[in-house]
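Spelled out from the first residue to the last, the chains are:
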Amino acid sequence: MTDTEPIRRIAIIGTGVIGASWTALFLAKGLQVVATDIAPNAETALRKFVETAWPALKRLGFAPGASQSNLKFTAAVAQAVGGVDLVQENGPERIDFKQKLYGQLDELLPADVIVASSSSGLKMSDIQ
């Protein structure tokens, strides 16, 4: 990705309430989303969440290309982050988990891919 290229493809890591909310919003903005979560039934729960949120997002106004069909799901982080412009991380608030995940992302992602986090209980400086 360069400074002039728009963000078009996003990986969502962790599809609990926060990750599912990001997923629904990004889909409503017409973006391609690849979500990943190892929890049992994560894909089913995510798709149900998005479907339930869709009418409210429609009332707020869809961007061109908005579609639930832009959602793909995989249990493999490496598959989810392949070819993305942005990673939205929503994993558990555990330092050991975050350190392992960010180490994995460092190995998998080109340096110009943006990694955003929904962490609110950890300092990013502690994750290094």
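Above this note sits the structure.
Residues numbered from 1 in each chain as written. Predicted model: local features only at pLDDT ≥ 70, side-chain atom pairs only at ≥ 80, totals over all residues. Heavy atoms only, no water.

J.: Tell me about the sheet that holds strand 3 (residues 71-74), and name the residues and values.
T.: The strand order 3-2-1-4-5 describes an open sheet built from five strands, whose pairing is parallel. The sheet is open, and its two borders are formed by strand 3 and strand 5 (114-117), each paired with just one other strand. Strand-to-strand twist in this sheet, taken as the mean axis angle between neighbours without regard to direction, amounts to 20 degrees. Note: strand 2 (residues 32-36) against strand 3, four bridges, orientation parallel. Among the inter-strand pairings, V33 is bridged to a residue of strand 3, identified as L71. Against the sheet, helix 2 (residues 42-60) contacts strand 2 and strand 3, and its axis sits at roughly 160 degrees relative to strand 3. Packing against the sheet, helix 4 (residues 95-108) makes contact with strand 1 (9-13), strand 4 (86-89) and strand 5, and its axis sits at approximately 165 degrees to strand 5. (Pairing = 2+ DSSP bridges. Helix = DSSP H or I, 4+ residues; strand = E, 2+ residues; numbered from the N terminus. Axes fitted to C-alpha atoms, helices over the stretch in contact; angles between N-to-C directions. Contact = heavy atoms within 4.5 Å.)

J.: Describe the layout of surface pockets, naming the residues involved and giving the relevant values.
T.: For the largest pocket, the calculated volume is near 350 Å³. Along its surface, the largest pocket is lined by 16 residues, and I13, I38, V77, F97 and L101 are the ones closest to its centre. Here the lining of the largest pocket gets five residues from one element, more than from any other, and that element is helix 4. When the residues that make up the lining of the largest pocket are grouped by side-chain class, the tally is seven nonpolar, five polar and four charged. (1 Å grid on protein atoms, 1.4 Å probe; cavity = no way out; pocket = protein on both sides within 12 Å on 5 of 7 lines; lining within 4 Å. Points joined across faces, edges and corners; volume = space filled by probe spheres on them. Nonpolar A, V, L, I, M, F, W, Y, C, P; charged D, E, K, R; others polar.)

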